[in-house]
Number of protein chains: 2
Amino acid sequence: MASASFTLSQAILSRSTNHRHRLPPSAAPTISIPSFSGLKSASNHFLCTIPRRQTPNLTHLPAIRASAAVETVEKTSDVQLVEKSVNTIRFLAIDAVEKANSGHPGLPMGCAPMGHVLYDEVMRYNPKNPYWFNRDRFVLSAGHGCMLQYALLHLAGYDSVKEEDLKSFRQWGSKTPGHPENFETPGIEVTTGPLGQGIANAVGLALAEKHLAARYNKPDCEIVDHYTYAILGDGCQMEGIANEACSLAGHWGLGKLIAFYDDNHISIDGNTEIAFSESVETRFEALGWHVIWVKNGNTGYDEIRAAIKEAKAVKDRPTLIKVTTTIGFGSPNKANSYSVHGSALGAKEVEATRKNLGWPHEPFHVPEDVKKHWSRHTPDGAALEADWNAKFEDYEKKYPEKAAELKSIIEGKLPTSWETALPIYTPESPADATRNLSQQNLNALAMVLPGLLGGSADLASSNMTLLKMFGNFQKDTPEERNVRFGVREHGMGAICNGIACHSPGLIPYCATFFVFTDYMRAAIRISALSETGVIYVMTHDSIGLGEDGPTHQPIEHLASFRAMPNILMLRPADGTETAGAYKVAVLNRKRPSILALSRQKLPQLPGTSIEGVEKGGYVISDNSSGNNPDVILIGTGSELEIAAKAADELRKDGKAVRVVSLVSWELFDEQSSDYKESVLPAAVTARVSIEAGSTFGWERIVGSKGKAIGVDGFGASAPAGKLYKEFGITAEAVVAAAKELC
Amino acid sequence: MASASFTLSQAILSRSTNHRHRLPPSAAPTISIPSFSGLKSASNHFLCTIPRRQTPNLTHLPAIRASAAVETVEKTSDVQLVEKSVNTIRFLAIDAVEKANSGHPGLPMGCAPMGHVLYDEVMRYNPKNPYWFNRDRFVLSAGHGCMLQYALLHLAGYDSVKEEDLKSFRQWGSKTPGHPENFETPGIEVTTGPLGQGIANAVGLALAEKHLAARYNKPDCEIVDHYTYAILGDGCQMEGIANEACSLAGHWGLGKLIAFYDDNHISIDGNTEIAFSESVETRFEALGWHVIWVKNGNTGYDEIRAAIKEAKAVKDRPTLIKVTTTIGFGSPNKANSYSVHGSALGAKEVEATRKNLGWPHEPFHVPEDVKKHWSRHTPDGAALEADWNAKFEDYEKKYPEKAAELKSIIEGKLPTSWETALPIYTPESPADATRNLSQQNLNALAMVLPGLLGGSADLASSNMTLLKMFGNFQKDTPEERNVRFGVREHGMGAICNGIACHSPGLIPYCATFFVFTDYMRAAIRISALSETGVIYVMTHDSIGLGEDGPTHQPIEHLASFRAMPNILMLRPADGTETAGAYKVAVLNRKRPSILALSRQKLPQLPGTSIEGVEKGGYVISDNSSGNNPDVILIGTGSELEIAAKAADELRKDGKAVRVVSLVSWELFDEQSSDYKESVLPAAVTARVSIEAGSTFGWERIVGSKGKAIGVDGFGASAPAGKLYKEFGITAEAVVAAAKELC
């Protein structure tokens, strides 16, 4: 059936899993399907061509074959088989941790029942295409318990977790790392481990579903229709980010988000009563969630099933199912203690647990009846996807424009010539703050990029991030594209990671003052690690913000992100460079971009170019010849203007001066040696940099003999012009430094 | 009365306010009282000498003179005068923002009534000694509304905020910066502005009070006895850090913490209903707080008073007083709108507001009757302090040991020869992880430093931070010194800032995995900015943590903190260096220290020394002469061992090799040029560094011709030894790099 649209749903099957600096060459993936590769060049695109053929009418579709994965939750008939399946999960986790002599067996042993019910009875997925668009999403926010998820993926038939993968848990080059990593293991939706991130990612996934459903579903065709499930533990519950994200989930009424709270009373430091005595249920009710308590999470399968059924019936609110479990369930001497949280049980206790749970099998054994029971998910999953593909063909026929747009979001394919929408600036364009220029770019892009959506952490009118042609994404207007995150930077970043992980064509952006990246740094790092192309719009990027003072003035932030792997730190100097920064950010779908933007007005500079920005560093003016200037002045962002002014002065004195914009160190570093030599010739050691931030790291650019002008202490509260003068971020300082060098 | 103990309470009157890189030389403070200067050298200590003299018996003390600042809240008789005082506060804020043409008038206009009641009727303080130990603490968590606090300090008679200071609001060198800064303005307890930090600081202040009261109060003498008040707004409420800290406050039963929630329904993006529809009251009840709602915060003085009275009566729980106010109250056209949040009203609206509130006065005018009314706080405050001093003399007589200990906490004076408690290690001491060596140091120090207390964010047994001789600080055991923060890194950091700001002799430490400094970076930055000497014990400091994988492996973190102003980033290599790091951390009471510590075992290295650590960088071995080695190998922490091994290899080949430990770049940078030249002679450009982290910034040390060995991508999940090999962090790599250079 419908091979073409089957192809569509597979479009992102083979996201590259070859993470830089990660795997030795021998471990590189060998998948041969064309890869979704960040849209850097047309040749890398997977072009979906849907042949024109008769598709079955939606109303005549055969009944869905997947008997277990049904909308209403029904009890699996064979209780003993369920127990056996649950113990299989437990022992796969126990055995893998034991073999690695490292890991967290406690959570999988306690959460195996809810894991079983979810993956075997409730969730709709296709194990042979982990990226099928309309799958239910699952997030293990308590990522340390990843053996639960690996065991479930293994039983469900995912090719990413074979027996040998379980046996190489936590080993070099394996698909089963110590915490779940979306870029390593197909079937893992998001990268978790740092606690609290996962539940916030889940909020992002559920937001994406609600948004896309509102935009693309039709009364006769719910083409977007899935649930998002999460398991979070006590640790996640304590993290502030979880409260931020869950407050938003309640506010937005994300009714298809169902989170299981593994209430096991144990964290690393012991019983949670030593630090966590709040009423989680009451807090979640306060946040606008529906709350259910499953008192027996260890064996209460029917309770778990009933809770999920109830949760699905509540459509206007997310649901928290508090499931009281015993950490390390089944271990006679370690259950219900912190000792089972994060260490292997040890051979003796493994043996005792085998006896206690009546498990006579060898390590890593999956009993035949369990194997057989789970084996239906492969055909059932394929059927689910095939049915959806047929549905999509029908949808495409009826709503071709909507279908094309949705397809581009599913595939992550940018529209042809989208970049022509970028505003064009000339040196004659009026001076403006790059935050304002950023808004012009964002608004222009929103018209051509259907997947662009986002917002600010309560600074929309300062960050200039409102999309003027759209309303607010809210509970009752989820089709809109301005997301109001409130003052919740950390949650905002993690929610954007979730949005980006939902569909490769969703391009989330989010914004706050640059200094407040400190609040969301853990989420930004997960963007970088998990290869989500979130665009971080960070305004008020230096002491140039003025009176708000040192608490609001970034100093070390540029350096701190330049040191972070797999991220693009961009600091454009004017309109043209801002457009260039957006071009780069949109094209880089597998690494996040941070745009540092000014509060203050900046002139449009002669010599800046989009092509220059794409190279990270380039010459904007030069009166030398033979690639041998007397001195090179290097600036970024708001200080490029100062470098240019200083060059004018020095040239009056007869100096041959080159001015370089170093808008992105990472992009510049990726250029050829020849190109880099053409911009910063090794022989020219007379180099002066200027940037209103820490000079830390600038030795890499100016060399041992050059001079870096910057701000290495905290800022101060005063008007911006005064601060620039007092801190010596001036053309005079550049001229003086240059004169000392040449 | 009691001049000696008056001196005691003044011991920290003149904390240095000369913030580095902040004020021009001309603006340096001229206070001549000996300053408390971080205990760097004995000559800088303010030595408190209490003469032996007759002190009044506590039971015969005269009644406290302060009629207004009484324990029970009583209504000020003249309602009109109160209104006038409240309007004075409003217009001082309006006028200062107008003159600066920058700032946030909305909050002060709305919160003036609660501000008035607090500072004029409720709080106990001495305006002429802002550092009187037993004062009530006040925190404006919504720091942007700082003109509220400046106006109150001005009316209350604090010398730090004179009329000219109000007139120089947000100007260069003023005492009235754009957000409250403890290091600029005596009377400001903590540095706020980044939302949510302040309420967490307040939790720390209240923790400190409860802890010290439990340790030092006697049935016949409550020598520690004050309240902590805070005002937080909608923005603070949305931040995750606030929920983290408030969950702990409820857990700990901080009954003397009273927080006012300025419920004005407006944030920068407009009405809070667009992003914040949770029930704050219910959430706080869930967190274990007592909650009161003052429905009329604009004019309901009696309601506010009654709420405070009720809050004080609830002794086992903190109280949240939700005060519904109108932002910008009194402005006829801008009240209750976001436009009054963060901009000057504009001349026309100021005029309209003057008319509306019946305020005929010139800008910055304080009516005589208002002035007179507030003037009593100077004598009353002095009396409060004098009475407390007398009480302390009595306490000292009865409980000399306790008094001496408390006095050292109040003064921040370290015990003589405290550093002799540091453990001594030799090259023969057993190899161990620096996290374990850290615990030995912490436990040794806890015996000699009465103000040392702290804990971990649920990783005590991994961070090795438990003080074995003490129990847990809990609701019913507040005298204990192990603080269990739960998985709340951000709240933990900010709470420690609050503890440090409470008394200069309190030395809070806190711990998590080094990578999770990302969760608490905003609090760490406030430590650095606000000059609190918090000790951050950060273990699992590299890929050396092994199997937990890249989500848990710091890469860019060392670089990111080396770029941060006013912080010490220390990475000790063995036991001796760990002891040195603690020595430095304890001595530096005005800048925070981060100790990056290994999970893995490390040998005790020949040549390491505490004195070396104090200099930041030093030679641990050298077979060259004449300060002219063939090559210099530079390592930190766990890689110093590798550098030493590589040196052995190279020396076998006849090379003259120097090995340098660069344990703290900041301390090394502060050494004399001669010293630095003696360690890293400019002429020797053959330099190889090795550190299992980002190489970003290392060019500063190895120069343009040197080589930096490190990890510039993300880590991976595998055993540590495998990772070191795969990532090339090996002696072989150092030897190869060195051979290329010499």
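Each value, and the rule that gives it
Residues numbered from 1 in each chain as written. Chains lettered and ligands numbered in written order. Predicted model: local features only at pLDDT ≥ 70, side-chain atom pairs only at ≥ 80, totals over all residues. Heavy atoms only, no water. Buried < 20%, exposed > 50% of the residue type's maximum accessible area, 1.4 Å probe, protein only. Helix = DSSP H or I, 4+ residues; strand = E, 2+ residues; numbered from the N terminus. Right-handed = clockwise from strand over helix to strand, strands pointing away. Pairing = 2+ DSSP bridges. Contact = heavy atoms within 4.5 Å. Axes fitted to C-alpha atoms, helices over the stretch in contact; angles between N-to-C directions. Buried area = accessible area lost by both parts, 1.4 Å probe. Salt bridge = Lys/Arg side-chain N within 4 Å of Asp/Glu carboxyl O. Least-squares fit on C-alpha atoms with pLDDT ≥ 70 in both. Polar contact = N/O pair within 3.5 Å; in protein donor to acceptor, adjacent residues only side chain to side chain. Left-handed = near helix turned anticlockwise from the far one by under 90°. Nonpolar A, V, L, I, M, F, W, Y, C, P; charged D, E, K, R; others polar. Phe/Tyr/Trp six-rings, centres within 6.5 Å; stacked < 30°, edge-to-face > 60°. Lys NZ or Arg CZ within 6 Å of the ring centre and 35° of its normal. Parallel < 35°, antiparallel > 145°, perpendicular 65-115°, else oblique. pLDDT = per-residue confidence, 0-100. Expected span 1.5 Å × (residues − 1).

**Details of the pairing of strand 15 (residues 593-596) of chain B**
Burial along strand 15 of chain B is two-sided: B:Ser593 and B:Leu595 and B:Ile594 and B:Ala596, pointing in opposite directions, are all buried. In this fold, strand 14 (residues 568-570) of chain B hands off to helix 20 (residues 575-587) of chain B, which returns the chain to strand 15 of chain B; that crossover is right-handed.

**Topic: the sheet that holds strand 9 (residues 452-456) of chain A**
All names here are of chain A. With parallel pairing, the seven strands of this open sheet are ordered in space as 10-11-9-12-13-15-14. Of all the strands in the sheet, just strand 10 (472-473) and strand 14 (568-570) have a single pairing partner and so form its edges. Across five bridges, strand 9 lies against strand 12 (residues 507-513) in parallel orientation. By the bridge assignment, Gly 454 is partnered in strand 12 with Tyr 509. Contacting strand 12, strand 13 (535-539) and strand 15 (593-596), helix 18 (residues 517-530) crosses the sheet at an angle of about 160° to strand 13.

**A closer look at the interface of chain A and chain B**
The partner chain B presents 103 residues to the 103 residues of chain A that form the contact. Buried surface at the junction of chain A and chain B, summed over both partners, amounts to about 8600 Å²; 57% is from carbon and sulfur atoms. Taken together, the connections running from chain A to chain B amount to 10 salt bridges. In this structure, the salt-bridge partner of A:Arg521 is B:Asp518, at a minimum N-O distance of 3.4 Å. Considering each element in turn, the side of chain A that touches chain B owes the most residues, eight residues, to helix 18 of chain A.

**Examining the environment of A:Glu479**
Looking at where A:Glu479 falls in the secondary structure, it is placed in the loop between strand 10 and strand 11 (482-484). In this view, A:Glu479 contacts A:His211, A:Ala214 and A:Arg215; residues no more than four positions away in its chain are not counted.

**Some points on the sheet that holds strand 6 (residues 290-294) of chain B**
Residue and element names in this part refer to chain B. Within the open sheet, the five strands sit side by side as 1-2-3-7-6. Their pairing is parallel. The open sheet has two free edges, formed respectively by strand 1 (137-140) and strand 6, since each of these has just one partner strand. Each strand axis lies, on average, 20° off the axis of its neighbour in the sheet, ignoring direction. By the bridge criterion, four bridges tie strand 1 to strand 2 (residues 228-233) in an arrangement that is parallel. From the neighbouring strand, Arg 137 faces strand 2, where its bridge partner is Thr 228. On the sheet, helix 3 (residues 106-122) packs against strand 1, strand 2, strand 3 (257-263) and strand 7 (319-324) and is oriented at approximately 155° with respect to strand 3.

**Concerning the relation of the copies chain A and chain B**
By a simple turn and slide, chain A fits onto chain B: the slide is 0.0 Å along the axis, the RMSD is 0.0 Å, and the turn is 180°. The two molecules are tied by a two-fold rotation axis, judged by turn and shift. Comparing contact sets, 100% of the residues at the interface of chain A also lie at the interface in chain B, consistent with an isologous, same-surface contact.

**Structural notes on the pairing of strand 20 (residues 687-690) of chain B**
Residues and elements named next belong to chain B. Across the two faces of strand 20 the burial is the same, with Arg 687 and Ser 689 and Val 688 and Ile 690 all buried. Relative to strand 20, strand 18 (residues 631-635) is paired through four bridges, and the arrangement is parallel. Residue pairing across strands places Ile 634 opposite Ser 689, the latter belonging to strand 20.

**Looking at the side chain of B:His377**
Residue and element names in this part refer to chain B. Here His 377 is to be found in helix 13 (residues 377-398). We classify His 377 as buried; its relative accessible area is 4%. Side-chain polar atoms of His 377 contact the side chain of Arg 376, separated by 3.5 Å.

**Describing the environment of B:Asn623**
Residues and elements named next belong to chain B. Examined against the element boundaries, Asn 623 turns out to sit in the loop between strand 17 (618-622) and strand 18. Distance in space between the C-alpha atoms of Asn 623 and Val 659 is 9.4 Å, their sequence separation being 36 residues. Not counting residues up to four positions away in its chain, the partners in contact with Asn 623 are Arg 651, Lys 655, Ala 656 and Val 657. A distance of 2.9 Å separates a polar atom in the side chain of Asn 623 from the backbone oxygen of Lys 655.

**Thoughts on the packing of helix 3 of chain B against helix 4 (residues 146-156) of chain B**
Residues and elements named next belong to chain B. Running from N to C, helix 3 and helix 4 cross one another at 35°; their axes reach a closest spacing of 9 Å. As helix 3 packs across helix 4, the resulting crossing turns out to be right-handed. In this structure, helix 3 uses Leu 107, Pro 108, Cys 111, Ala 112, Gly 115, His 116 and Tyr 119 to contact helix 4, whose residues at the interface are Met 147, Leu 148, Gln 149, Leu 152 and Leu 153. Per-class residue counts for the contact of helix 3 with helix 4 are nine nonpolar, three polar and no charged.

**Here's the deal with the environment of A:Pro508**
Residue and element names in this part refer to chain A. Of note, Pro 508 is situated in strand 12. For Pro 508, a relative accessible area of 0% puts it in the buried group. Along the sequence, Pro 508 and Asn 497 sit 11 residues apart, while their C-alpha atoms lie 7.9 Å from each other. Those residues in contact with Pro 508, other than ones at most four positions away along the chain, are Leu 453, Cys 496, Ile 499, Ala 500, Gly 533, Val 534 and Ile 535.

**Some details on the pattern of salt bridges**
Counting across every chain of the model gives 79 salt bridges over all chains. The partner of A:Glu556 in a salt bridge is B:Arg525, with the nearest N and O atoms 2.8 Å apart. Highlighted residues: A:Glu556 in the loop between strand 13 and helix 19 (557-562) and B:Arg525 in helix 18 (residues 517-530), drawn from two different chains. With respect to class, A:Glu556 is no different from B:Arg525; both count as buried. Between B:Asp316 and B:Arg317 there is a salt bridge, with the nearest N and O atoms lying 3.4 Å from each other. Taking the relative accessible area as the measure of exposure, B:Asp316 reaches 39% and is therefore partly exposed. One continuous salt-bridge network, built from bridges that share partners, spans A:Glu121, A:Asp302 and A:Arg305.

**Observations regarding the packing of aromatic side chains**
A complete count under the given rule lists 41 aromatic pairs over all chains for this structure. Look at B:Tyr119 and B:Tyr125: their rings are 5.6 Å apart centre to centre, the planes differ by 50°, and that puts the pair in the tilted class. Their ring planes at 45° and their centres at 5.7 Å tell us that B:Phe133 and B:Trp388 sit as a pair that is tilted. Placement of the pair is B:Phe133 in the loop between helix 3 and strand 1 and B:Trp388 in helix 13, with a sequence separation of 255 residues. Like B:Phe133, the residue B:Trp388 is buried in the burial classification. Through pairs of rings, three or more aromatic residues link up here, namely A:Trp665, A:Phe696, A:Trp698, B:Trp665, B:Phe696 and B:Trp698. Residue placement shows A:Lys256 over the ring face of A:Tyr227; its charged tip is 5.6 Å from the ring centre. In this structure, B:Lys218 is placed above the aromatic ring of B:Tyr399, and the distance from its NZ or CZ to the ring centre is 5.0 Å.

**Re the packing of helix 22 (residues 640-652) of chain B against helix 27 (residues 731-741) of chain B**
Residue and element names in this part refer to chain B. In contact at an axis separation of 8 Å, helix 22 and helix 27 are set at 55° when each is read in the N-to-C sense. Classified by the interaxial angle, the pair formed by helix 22 and helix 27 is oblique. You can see that helix 22 and helix 27 cross each other, and the crossing is right-handed. Here Ile 642, Lys 645, Ala 646, Glu 649 and Leu 650 of helix 22 lie close against helix 27, whose contacting residues are Ala 731, Val 734, Val 735, Ala 738 and Lys 739. Here the contact of helix 22 with helix 27 is built from residues that sort into seven nonpolar, no polar and three charged.

**Some details on the confidence of the model for chain A**
Residues and elements named next belong to chain A. Of the residues in chain A, 90% reach a pLDDT of 70 or more, and the chain-wide mean stands at 91. Taken as a whole, residues 1-74 scores under 50 in pLDDT and shows 161 contacts with residues more than four places along the chain or in a different chain. Both scores are available for the predicted complex, with the pTM at 0.93 and the ipTM at 0.92.

**Re helix 2 (residues 79-100) of chain A**
Residues and elements named next belong to chain A. Taking 1.5 Å per residue, 22 residues should reach 32 Å; helix 2 reaches 32 Å between its end C-alpha atoms and fits that length. Most of helix 2 is tucked away, with 16 of its 22 residues classed as buried. Near the N-terminus of helix 2, the side chain that reaches the backbone nitrogen of Gln 80, with its oxygen 3.1 Å away, is that of Asp 78. One or two steps after helix 2, the chain reaches Asn 101, where phi turns positive at roughly 50°.

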